[in-house]
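Architecture at a glance
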Protein chains: 2
Amino acid sequence: MSLIVSKFGGSSVSDAASISRVADRIAGMRTQGHDVVVVVSAMGDTTDELIDLAEQVSAGGAAPQREMDILLTAGERISMALLAIAIHSRGVSAQAFTGQQAGVLTDSAYGNARILDVTPGRLTSCLESGSVAIVAGFQGVNEDAGDVTTLGRGGSDTTAVALAAALRADVCEIYTDVDGVFTADPRIVPTARRLARVTSEEMLEMAAHGAKILHLRSVEYARRHGVEMHVRSSFSMLEGTRVVTPTDEEEQLMEAPIISGVAHDRSQAKITAVGVPDVPGAAARLFETVAGAGANIDMIVQNVSVHETGRTDISFTLPATDTDAVRAAIEAVAEELGHTELIVNAGIGKLSLVGAGMRSHPGVSAKLFGALRDAGVNIEMISTSEIRISVVTSADDLDTAVRAVHTAFGLDAAEVEAVVYGGTGR
Amino acid sequence: MSLIVSKFGGSSVSDAASISRVADRIAGMRTQGHDVVVVVSAMGDTTDELIDLAEQVSAGGAAPQREMDILLTAGERISMALLAIAIHSRGVSAQAFTGQQAGVLTDSAYGNARILDVTPGRLTSCLESGSVAIVAGFQGVNEDAGDVTTLGRGGSDTTAVALAAALRADVCEIYTDVDGVFTADPRIVPTARRLARVTSEEMLEMAAHGAKILHLRSVEYARRHGVEMHVRSSFSMLEGTRVVTPTDEEEQLMEAPIISGVAHDRSQAKITAVGVPDVPGAAARLFETVAGAGANIDMIVQNVSVHETGRTDISFTLPATDTDAVRAAIEAVAEELGHTELIVNAGIGKLSLVGAGMRSHPGVSAKLFGALRDAGVNIEMISTSEIRISVVTSADDLDTAVRAVHTAFGLDAAEVEAVVYGGTGR
């Protein structure tokens, strides 16, 4: 019998009927003899509705973060209690625990707290007594004040992984509304296939580059603590995708496919500073300014000096939602930076090819660029890591690019059986 | 400047607009220099909606009380956080506290916990720092497990009084949707008048006998700790009704009116066991059975033996909601009890005349009975305390009875100016 941590997101507990369905599932697992810890998010759109209420009462003024966290954690309180009640009514004992009661200690960064420690003594006692433990996701408690904190959007995945690590669970199941991780988004690539297995390293690259199926921090946490995640559907009993962290030795033995999947991202924009003086420190000053505006930069391209007067162009990508703030910050110090023009382009897309086998296989870039050329897709920017190649295209070309690359690397359904693991989010 | 504890019920914080109105009021009090602790209930019908959800997921099965309390306390979390955010956005610093953080320690009777102690250290610090403290009503924490508990229906009034006592507040304001305590329910007696003052002793009698304006336990707590309550409207700045607990000395000095108000109660039913053997222990056995069914009996009447065969009739009143359980319990031991028939009458009403001055004024009963006789109202049962006379009538006669008695004791608007204090709920 196993110790299983199972996380159910908001769409899996959106109303009484879906909570009842989850309760049936959990009661069944317990009846089979497993020890089960369930992590739940707030029901459906509860969190968004609470944020909306807060905006209404504060008339747009900034809300104190501590009180926002008290507000937002009410949603998980409701879902965790209802799920415990539903399981209990099926003849299986269940107890609900807040993040604090589950021992999730965090720092005091309200709204985006980091887990410092997990002391799950009450959960252990609960399991030993034969009960299912239901835990509120997304929340913890800070050590100094004993105030509730939240882990940021998608934080329930991180709660689940952190509890799985602290309890040395056999697996951390992440239930969602799709069947697992796919070689590409099936809405764009109908021939995309669910993959049985993906390494946490690859999953991290995919999550960081557009795959939305798992919260980046949860995968980092799982990788650091060697927790196996199992991404699967709450609407079926099918196997999903296992996200594993092989040891170096295991990795040697694994038949690593060259490419595991194609991720894409439409949420970025590109800013180009034209005619920046090509002198030491110019780029540094520019990116200090961008960082000061709170934006995370993804790719950077600096052309070789093309202007007669010793000037250059610097392009970078960033979350599209940050463009207004960054543009304003740069224009505020325009004189100092000395660029001649600022071009903002929100119409870009990013394609990322991810695969651990890339390390030992040269020629992947050449094949990627060839496939895009044959599909008539122009490449605007390129960046690479050890196991990933990303290119920026125009937003209009992105779907064509994803399909062409998916086919070129033999990921389409007919051939995908040979691919052992890999994939990307929905 | 005063230290004021102000409690706002669910109807005062039912939506964003009403929360904003309460925030304006509190910000105004703080700006005038008062130290303010605000106790809030859940928004509007939140608690009923949560109970409804619990019933849906448990398919009618009994829900575990500990988890029900976790569920129900989510409502106050939302309202307390929203109110703190709303006040903060008006430029007045405010912090929200759970029952636990406010130091409300209770026993472990989930669903109906009693306050054991209040240690409001965090509230004191909050006030000293110049902030308004917002506290979740209706909830506490038990000492052994650190689990959240609820104080039962209307428990937010008790939270407010308990905090006022612990903080030695100058007054505990209870904001509601009526202007205060009236000499009778204005919907039945249009000439009923708001009263400026009522003693906690009288308020207790009224609350116990149908006046719904204050939760019985909160008045008991206020009486025991000498807390002055001020019942007033959240929709106006008018003075409401002050519920005071005079010392014996003060009481001597007060011009106590004979009658302070007329309460009524439609929620009771009457059960008559006909032909009970008139032997020692028969009544005891009957009421053991009733108590075993969990019902609180109000009035009891045992006729003198009227049957030829040494039998008697025993009638008692109880909450109408308990009649089915009590009837079943009695019928289960019918043979042992030996009664010949059981009559259940849900169509009764109870009128209670309350007034501290009754102690020193004989003749009140006679005047009451005379007024009812003149109005053609038949009296079915009578019970009295030191400062109260209650009669049971048919439900159809209750409104007529209340109006007749209100007039007979000079409580109607034209004369009410002479009445210093007294009244009844809406």
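Residues numbered from 1 in each chain as written. Chains lettered and ligands numbered in written order. Predicted model: local features only at pLDDT ≥ 70, side-chain atom pairs only at ≥ 80, totals over all residues. Heavy atoms only, no water.

1. Side note on the overall build of chain A
Across its full length, chain A holds 15 helices and 20 strands. On C-alpha atoms alone, chain A measures out to a radius of gyration of 24 Å, which is about the 22 Å that the 2.2 N^0.38 rule sets for 426 residues. Dimensions of chain A, computed from C-alpha atoms along their principal axes, come out at roughly 80 × 55 × 40 Å. Counting all 426 residues of chain A, 56% fall into the buried class. At a minimum sequence separation of 6, the contacts of chain A that also span at least 24 residues come to 76%. Positive and negative charge centroids in chain A, built from 33 and 55 side chains respectively, lie 4 Å apart. (Helix = DSSP H or I, 4+ residues; strand = E, 2+ residues; numbered from the N terminus. Rg over C-alpha atoms; globule rule 2.2 N^0.38 Å. Buried < 20%, exposed > 50% of the residue type's maximum accessible area, 1.4 Å probe, protein only. Contact = heavy atoms within 4.5 Å. Lys, Arg positive; Asp, Glu negative; His and termini not counted. Charge placed at Lys NZ, Arg CZ, Asp CG, Glu CD.)

2. Examining the pattern of salt bridges
Evaluated as defined, the whole model comprises 38 salt bridges over all chains. The partner of Arg 388 of chain B in a salt bridge is Glu 205 of chain B, with the nearest N and O atoms 2.6 Å apart. Of this pair, Arg 388 of chain B sits in strand S20 (residues 388-394) while Glu 205 of chain B is found in helix H7 (residues 200-208), placing the two residues 183 residues apart along the sequence. The residues Arg 388 of chain B and Glu 205 of chain B share a single accessibility class, namely buried. The network of salt bridges with shared partners includes Arg 66, Glu 67 and Asp 147 of chain A together with Arg 122 of chain B. (Salt bridge = Lys/Arg side-chain N within 4 Å of Asp/Glu carboxyl O.)

3. Concerning the sheet that holds strand S8 (residues 148-150) of chain A
Strand-to-strand pairing in sheets goes through backbone hydrogen bonds, with the strands running parallel or antiparallel. Residues and elements named next belong to chain A. Across the sheet, which stays open at both edges, the four strands sit in the order S5-S4-S7-S8 with mixed pairing between neighbours. Edge positions in the sheet fall to strand S5 (115-118) and S8, since each has one partner strand and no second. Strand-to-strand twist in this sheet, taken as the mean axis angle between neighbours without regard to direction, amounts to 45°. Two elements, strand S7 (residues 139-142) and S8, share three bridges in a ladder whose sense is antiparallel. Within the sheet, the bridge partner assigned to Val 141 lies in S8 and is Val 148. With respect to the sheet, helix H6 (residues 155-167) is in contact with strand S4 (104-106), S5 and S7, its orientation differing from that of S5 by roughly 40°. (Pairing = 2+ DSSP bridges. Axes fitted to C-alpha atoms, helices over the stretch in contact; angles between N-to-C directions.)

4. Observations regarding the relation of the copies chain A and chain B
When chain A is fitted onto chain B, the two copies agree to an RMSD of 0.2 Å after a turn of 179° and an axial shift of 0.1 Å. This pairing of chains is accounted for by a two-fold axis. No C-alpha of chain A lies nearer the rotation axis than that of Ala 74 of chain A, which sits 2.5 Å from it. Here 100% of the contact residues of chain A are again contact residues in chain B; the copies associate through an equivalent surface. (Least-squares fit on C-alpha atoms with pLDDT ≥ 70 in both.)

5. Notes on the interface of chain A and chain B
With 42 residues of chain A at the contact, the number on the chain B side is 42 residues. Here chain A packs against chain B, burying approximately 3,200 Å² in sum over the two surfaces, 66% of which is carbon and sulfur. Interface area lost by chain A to chain B is led by Val 57, Arg 77 and Ile 85 of chain A, which between them contribute 22%. Where chain A packs against chain B, one counts two salt bridges. (Buried area = accessible area lost by both parts, 1.4 Å probe.)

6. Here's the deal with helix H14 (residues 398-408) of chain B
Spacing of three or four residues puts side chains on the same side of an α-helix, whose turn is 3.6 residues. Residues and elements named next belong to chain B. Listing the buried residues of H14 in full gives Leu 398, Ala 401, Val 402, Ala 404, Val 405 and His 406. Along its buried surface, H14 packs onto strand S13 (261-265), strand S18 (348-354), helix H13 (364-374) and S20. Of the residues one or two after H14, Gly 410 is the one with positive phi, at around 70°.

7. Thoughts on the domain arrangement of chain A
Along its sequence, chain A is organised into domain 1 (3-176) and domain 2 (251-426). Distance between the C-alpha centres of domain 1 of chain A and domain 2 of chain A: 36 Å. (Domains from an automatic or database assignment.)

8. A closer look at the side chain of Thr 73 of chain B
One can find Thr 73 of chain B in the loop between helix H3 (65-72) and helix H4 (74-88). A polar atom in the side chain of Thr 73 of chain B sits 3.4 Å from the side chain of Arg 77 of chain A. Excluding its chain neighbours within four sequence positions, the residues that come into contact with Thr 73 of chain B are Arg 77 of chain A together with Gln 139, Val 148, Thr 149 and Thr 150 of chain B. (Polar contact = N/O pair within 3.5 Å; in protein donor to acceptor, adjacent residues only side chain to side chain.)

9. Considerations on the UniProt feature "domain: Sigma-54 factor interaction" (unreviewed entry) in chain A
The residues that UniProt annotates with the feature "domain: Sigma-54 factor interaction" (unreviewed entry) are residues 40-231 of chain A. This span, residues 40-231 of chain A, is 40% helix and 19% strand, and a straight line between its end C-alpha atoms measures 15 Å. (UniProt positions renumbered as here; feature names shortened; annotations may be inferred.)

10. As for the sheet that holds S20 of chain B
Residue and element names in this part refer to chain B. Read across the sheet, four strands follow the order S13-S18-S20-S19 without closing on themselves; strand pairing throughout is antiparallel. Across the chains shown, the open sheet's two edge strands, defined by having one partner strand only, are S13 and strand S19 (381-385). Neighbour-to-neighbour, the strand axes of the sheet open up by a mean angle of 20°, direction not taken into account. By the bridge criterion, five bridges tie S13 to S18 in an arrangement that is antiparallel.

11. Considerations on the packing of helix H1 (residues 16-31) of chain A against helix H2 (residues 46-58) of chain B
Viewed as axis vectors pointing N to C, H1 of chain A and H2 of chain B meet at an angle of 45°, and their least axial separation amounts to 9 Å. One element, H1 of chain A, and the other, H2 of chain B, form an angle in the oblique class. The interaxial crossing formed by H1 of chain A with H2 of chain B has right-handed handedness. In this structure, H1 of chain A uses Ala 16, Ile 19 and Ser 20 of chain A to contact H2 of chain B, whose residues at the interface are Leu 53, Gln 56 and Val 57 of chain B. For the contact of H1 of chain A with H2 of chain B, the class distribution of residues is four nonpolar, two polar and no charged. (Parallel < 35°, antiparallel > 145°, perpendicular 65-115°, else oblique. Left-handed = near helix turned anticlockwise from the far one by under 90°. Nonpolar A, V, L, I, M, F, W, Y, C, P; charged D, E, K, R; others polar.)

12. Quick look at a negative patch on the surface
On the surface, Asp 45, Glu 49, Asp 52 and Glu 55 of chain A cluster together into a negatively charged patch. Relative to the assigned elements, Glu 49 of chain A resides in helix H2 (residues 46-58). (Patch = residues over 30% accessible without salt bridge, like charges linked within 9 Å, V, L, I, M, F, W, Y side chains within 5 Å. Areas by Shrake-Rupley, 256 points an atom, 1.4 Å probe, with all protein chains shown as cover.)

13. Quick look at the environment of Thr 149 of chain A
Residues and elements named next belong to chain A. Mapped onto the fold, Thr 149 is located in strand S8. Through-space distance from the C-alpha of Thr 149 to that of Glu 228 is 26 Å; in sequence the pair is 79 residues apart. Apart from the residues within four sequence positions on either side, Thr 149 is in contact with Asp 69, Thr 73, Thr 106, Asp 107, Tyr 110, Ala 113, Phe 138, Gln 139, Gly 140, Val 141 and Asn 142. A polar side-chain atom of Thr 149 sits 2.7 Å from a polar atom in the side chain of Thr 106.

14. What about the packing of aromatic side chains?
All names here are of chain B. Tallying each qualifying case throughout the model produces four aromatic pairs over all chains. Judged by centre distance (4.3 Å) and plane angle (5°), the ring pair of Phe 8 and Tyr 175 falls under stacked. Remark: Tyr 175 occurs in strand S9 (residues 171-176) and Phe 8 occurs in strand S1 (residues 3-8); sequence separation between them is 167 residues. No difference in accessibility class separates Phe 8 from Tyr 175, as the two residues are buried. (Phe/Tyr/Trp six-rings, centres within 6.5 Å; stacked < 30°, edge-to-face > 60°.)

15. Here's the deal with the packing of helix H10 (residues 282-292) of chain B against helix H11 (residues 323-332) of chain B
Residue and element names in this part refer to chain B. Their axes nearest at 8 Å, the elements H10 and H11 cross at an angle of 135°. Considered as vectors, H10 and H11 are oriented oblique to each other. As for the relative orientation of H10 and H11, their crossing is right-handed in sense. Contact with H10, carried on its side by Leu 286, Thr 289 and Val 290, involves Val 326, Ala 329 and Ile 330 of H11 and no other residues of that element. Of the residues belonging to the contact of H10 with H11, the class tally is five nonpolar, one polar and no charged.

16. Structural notes on the confidence of the model for chain A
Residue and element names in this part refer to chain A. Looking at chain A as a whole, its pLDDT mean stands at 90, while 95% of the residues score no less than 70. Every residue in residues 415-426 scores below 50 in pLDDT, and together they form 58 contacts with partners more than four places removed in sequence or on other chains. Model confidence for the complex is summarised by a pTM of 0.83, with the ipTM given as 0.80. (pLDDT = per-residue confidence, 0-100.)

17. A look at the pairing of S1 of chain B
Residue and element names in this part refer to chain B. Buried residues dominate S1, accounting for six of its six residues. Every second residue of S1 is oriented toward a common face, with Leu 3, Val 5 and Lys 7 on one face and Ile 4, Ser 6 and Phe 8 on the other, all of them buried. Where S1 meets S9, five bridges bridge the pair, whose relative direction is parallel. If you follow Val 5 over to S9, its bridge partner there is Cys 172.

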